[in-house]
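# Coordinate analysis (summary)
Below are the chains, spelled out letter by letter.
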Amino acid sequence: DIEYYEIDLKYFNKEQVIKEVQDYQPDLLIYGLTDVFYQNYYKEIRKVMDGKIAFWYADYVDDQSENVLDIDLKDYIDYMFVSNNSQKEYWKQKIGVEAHFVAMAGTPVKDIQFDLQYNNDVVYIGFVTDNTKRGDLIRQMMLKTNIAIINEQGIFERMEVYREMPKIYGSAKICLDISYTWDADKYTSSRYYVIANCGGFSLCKRFVGCEELYPTGVGKVYYDTAEEFLKLKDYYLKHPEERDEIRQKGLEHSREHHTYKNRIKKILKTCKFLK
């Protein structure tokens, strides 16, 4: 019941973005992209609005990554939120603002959707990137089993994949759930939450803190190695009743704990807009 307005940087140039913020005058502005910092929007925006500004970085970077943000932002943002629990101090050192943990989430479907064209044994949506632990592990799996890879490069083609995700994840027998790294406490890609919010059953690469988010058997069954994944894949392909029970538990757990409404409430409470 809170009025809000979304500004998409793909459709507005810098001058339009600043004018939209100035005209709307939000009590709280949440940055969801780093573009505003790399392109110097943030200084002009701070000048034209009186409300609080937060930055929610829903990804993982470290000093080995490209385009690491390393700017003193203490005069330009009031709150920092990061989607893993291990980089709060890292971000405070980078931008000079205390960081709080707010995980990513998903939008729960009303009913699990099935579409025969997406009835894959195993599906993975995303890049299989070279020279990464994730890419190496996926390729080990692909040597011994068929995995349907769904990935698009263009913005509009990728948006179509996003729109189809409830059907893709809801129809697949098994969703391959794996993130860029698994060593950071509670870091995972949005895939982790989206699969469960779509009612998908996933075999998920174990990561630090994962069972605090979704316990084993609640939307997820965890594995550590390619060999363990393959054994679990064979087992659950033969036991659809168990898969369906786990996927339903995951969807119910998502509705209660892992929605964007829950995350925004946490941000609003931290920013003292809600008690």
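In the block above lies the structure referred to throughout.
Anyway, here's the lowdown on the structure attached to this text.

Cut-offs used in this document
Residues numbered from 1 in each chain as written. Predicted model: local features only at pLDDT ≥ 70, side-chain atom pairs only at ≥ 80, totals over all residues. Heavy atoms only, no water. Helix = DSSP H or I, 4+ residues; strand = E, 2+ residues; numbered from the N terminus. Rg over C-alpha atoms; globule rule 2.2 N^0.38 Å. Buried < 20%, exposed > 50% of the residue type's maximum accessible area, 1.4 Å probe, protein only. Areas by Shrake-Rupley, 256 points an atom, 1.4 Å probe, with all protein chains shown as cover. Pairing = 2+ DSSP bridges. Axes fitted to C-alpha atoms, helices over the stretch in contact; angles between N-to-C directions. Parallel < 35°, antiparallel > 145°, perpendicular 65-115°, else oblique. Contact = heavy atoms within 4.5 Å. Core = buried A, V, L, I, M, F, W, Y, C linked by side-chain atoms within 4.5 Å. Phe/Tyr/Trp six-rings, centres within 6.5 Å; stacked < 30°, edge-to-face > 60°. Lys NZ or Arg CZ within 6 Å of the ring centre and 35° of its normal. Arc of directions from axis to C-beta. Patch = residues over 30% accessible without salt bridge, like charges linked within 9 Å, V, L, I, M, F, W, Y side chains within 5 Å. Salt bridge = Lys/Arg side-chain N within 4 Å of Asp/Glu carboxyl O. Lys, Arg positive; Asp, Glu negative; His and termini not counted. Polar contact = N/O pair within 3.5 Å; in protein donor to acceptor, adjacent residues only side chain to side chain.

## Points about the overall build of the protein chain
For the protein chain, the helix and strand inventory stands at 11 helices and 9 strands. Computed over the C-alpha atoms, the radius of gyration of the protein chain is 20 Å, within 12% of the 19 Å expected from 2.2 N^0.38 for a compact globule of 275 residues. The 275 residues of the protein chain split such that 48% are buried. For the protein chain, the accessible area works out to roughly 14,700 Å², and carbon and sulfur atoms hold 47% of it.

## So, the sheet that holds strand β4 (residues 99-101)
The parallel open sheet is built from 4 strands, whose spatial order is β1-β2-β3-β4. Two strands lie at the open edges of the sheet, namely β1 (28-31) and β4, each paired on one side alone. The sheet shows a mean angle of 25° between the axes of neighbouring strands, direction not considered.

## Quick word on the packing of helix α9 (residues 226-237) against helix α10 (residues 240-257)
Following both chains from N to C, one finds α9 and α10 inclined at 100°, their axes separated by 7 Å at the closest point. Classified by the interaxial angle, the pair formed by α9 and α10 is roughly perpendicular. Here Y235, Y236 and L237 of α9 lie close against α10, whose contacting residues are P240, E242, R243 and I246.

## Remarks on the environment of Q39
Secondary-structure assignment places Q39 in the loop between α2 (35-38) and α3 (41-48). Under the relative-accessibility criterion, Q39 is labelled partly exposed at 41%.

## Regarding the sheet that holds strand β5 (residues 122-125)
Strand order in the open sheet formed by 5 strands is β6-β5-β7-β8-β9, and the pairing between neighbours is parallel. With one partner strand each, in any of the chains shown, β6 (148-150) and β9 (220-223) form the two edges of the open sheet. Pairs of neighbouring strands in the sheet enclose a mean axial angle of 30°, with direction left out of account. As paired elements, strand β8 (residues 202-205) and β9 share 4 bridges and run parallel to each other.

## Examining the nonpolar core
Core analysis: the biggest nonpolar cluster contains 33 residues, and L176, Y192, L203 and Y223 have the highest contact counts within it. Of all the secondary structure elements, the ones that give two or more residues to this core are β5, α5 (133-142), β7 (174-177), α7 (190-197), β8, α8 (210-213), β9 and α9. Per-element tally for this core: the top contributor is α9, with 5 residues. Residues in contact with Y223, not counting those within four places in the same chain, are L137, M141, L176, D177, I178, L203, C204, K205, R206, E228, F229 and L232. Counting residues in each nonpolar core, the second largest holds 26 residues, with V48, I53, L73 and V82 among its members.

## A look at the packing of aromatic side chains
Enumeration according to the criterion identifies 20 aromatic pairs in this entry. Considering the side-chain rings of F55 and W91, the 6.1 Å spacing of their centres and the 85° angle between planes classify their relative orientation as edge-to-face. In this pair, F55 is assigned in strand β2 (residues 52-57) and W91 in helix α4 (residues 88-95), connecting sequence segments 36 residues apart. W91 matches F55 in its accessibility class, with the two residues each being buried. Grouping aromatic residues by their ring pairs yields a cluster made of Y31, F37, Y42, F55, Y57, Y76, Y90 and W91. Over the aromatic face of Y192 sits the side chain of K220, whose NZ or CZ is 4.2 Å from the ring centroid. A cation over a ring is seen here: R263 above Y193, with NZ or CZ 5.4 Å from the ring centre.

## Some details on α4
Here α4 has its buried residues at Y90, W91, K94 and I95. Down the axis of α4, the buried set is contained in an arc of 105°. They therefore lie on one face. Summarising the contacts, the buried residues of α4 are in contact with β2, β3 (79-82) and β4. One or two steps after α4, the chain reaches G96, where phi turns positive at roughly 80°.

## Things to note about a nonpolar patch on the surface
Together, Y11, I155, F156, M159 and Y162 give the surface a local cluster of nonpolar side chains, amounting to about 550 Å² of exposed area. Within the secondary structure, Y11 is located in the segment before α1 (14-24).

## Structural notes on the side chain of R263
In this fold, R263 is placed in helix α11 (residues 260-270). One buried charged side chain, R263, makes no salt bridge at all; its nearest oppositely charged neighbour is E256, positioned 12 Å away. A polar atom in the side chain of R263 sits 2.8 Å from the side chain of H258. Non-local contacts of R263, meaning those with residues more than four positions away in its chain, are made with W56, V102, A103, M104, A105, Y193, H257 and H258.

## Some points on the environment of K205
Looking at the secondary structure, you find K205 in strand β8. Sequence-wise, K205 and I178 are 27 residues apart; in three dimensions their C-alpha atoms are separated by 5.2 Å. Among all residues touching K205, those that are not within four sequence positions of it are L137, D177, I178, W182, Y222, Y223 and D224.

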